[in-house]
Amino acid sequence: MRVAIIKYNAGNIRSVLCALSRLGIEAVVTDDPSLIRNADRVIFPGVGEASTAMAYLREKHLDEVILGLKQPFLGICLGMQLMCSHSEEHDADCLGVFGIPVVKFPPKEGVKIPQVGWNTVDFRKDCPLFQGLSRDWCYFVHSYYVPKCAYSVALTEYDGIVFSSALRKGNFYGCQFHPEKSSKVGEVILKNFLEAT
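Quantities reported herein were computed from a predicted structural model and do not represent experimental measurements. (Residues numbered from 1 in each chain as written. Predicted model: local features only at pLDDT ≥ 70, side-chain atom pairs only at ≥ 80, totals over all residues. Heavy atoms only, no water.)

Caption draft 1: Structural view of the nonpolar core. The biggest cluster of nonpolar side chains holds 37 residues, and the ones touching the most others in it are Phe-123, Leu-129, Phe-130 and Phe-177. The dominant element in this core, judged by the number of residues it contributes, is helix α6 (residues 183-195), at 5 residues. Residues in contact with Phe-123, not counting those within four places in the same chain, are Phe-130, Leu-133, Ser-134, Arg-135, Asp-136, Cys-138, Val-153, Ala-154, Phe-177, Val-185 and Ile-189. In this structure, Ala-39, Leu-62, Tyr-144 and Val-146 belong to the second largest nonpolar core, which totals 35 residues. (Core = buried A, V, L, I, M, F, W, Y, C linked by side-chain atoms within 4.5 Å. Buried < 20%, exposed > 50% of the residue type's maximum accessible area, 1.4 Å probe, protein only. Helix = DSSP H or I, 4+ residues; strand = E, 2+ residues; numbered from the N terminus. Contact = heavy atoms within 4.5 Å.)

Dropping the structure here:
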């Protein structure tokens, strides 16, 4: 199986490579449109800042490549947020796969932002990514979130805000949490992604 991880100067790619390696998958990290288009699966991970990331994608014309993909595609953390219409992070226009904006957690005394650490996720069982899962713990690192919407396939609550911890539209999937850092649950999710049609 050919798995491409999109290179766009965002962090956290090594942990995704390691997680795939544990599943017996060797992936290529690339910003080459041909390699991305011809991959069986495409992963779009990232820890970084929305406007800088989008500028790189546009410079390399990867925004157009991504929007034309038909194979299973997984955005992780910033990757998922960039799949939305707009981010409040430096007022960035994003890819628009999901017609929903990304907003910042409101500041509140005693509440840590970014959310860092483990939180519960309620998975929709009819989503191919979450076969065999219902409610479990996953690892998050984020200051911005996607509100609950028609694309939500998993939900999480943080300080009274229920947000989309995963999204789906056709072949496009997104996880706000990090499956590559979410122990056995994350391993199941990545395995399900690799087997998705």
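Caption draft 2: View of the pattern of salt bridges. As enumerated under the stated definition, the model contains 5 salt bridges in all. A salt bridge links Asp-40 to Arg-2; its shortest N-O distance comes to 3.5 Å. With Asp-40 in the loop between α2 (33-37) and β3 (41-44) and Arg-2 in the segment before β1 (3-6), this residue pair connects regions lying 38 residues apart in the sequence. Residue Lys-108 pairs with Asp-159 through a salt bridge whose shortest N-O separation is 3.5 Å. Linking Lys-108 in the loop between β7 (98-104) and β8 (115-123) with Asp-159 in the loop between β11 (152-158) and β12 (161-169), this pair joins segments that are 51 residues apart in sequence. Given the relative accessible area of 34%, Asp-159 is considered partly exposed. (Salt bridge = Lys/Arg side-chain N within 4 Å of Asp/Glu carboxyl O.)

Caption draft 3: Here's a closer look at helix α3 (residues 50-59). Of the residues making up α3, those classed as buried are Ala-50, Ala-53, Met-54, Tyr-56 and Leu-57. What you see down the axis of α3 is that its buried residues fit within an arc of 160°, all on one side. Set apart from the buried face of α3 by more than 90 degrees, the exposed residues are Thr-52 and Glu-59. Along its buried surface, α3 packs onto β3, α4 (62-67), α5 (78-82), β5 (84-87) and β6 (92-93). Of the residues one or two after α3, His-61 is the one with positive phi, at around 60°. (Arc of directions from axis to C-beta.)

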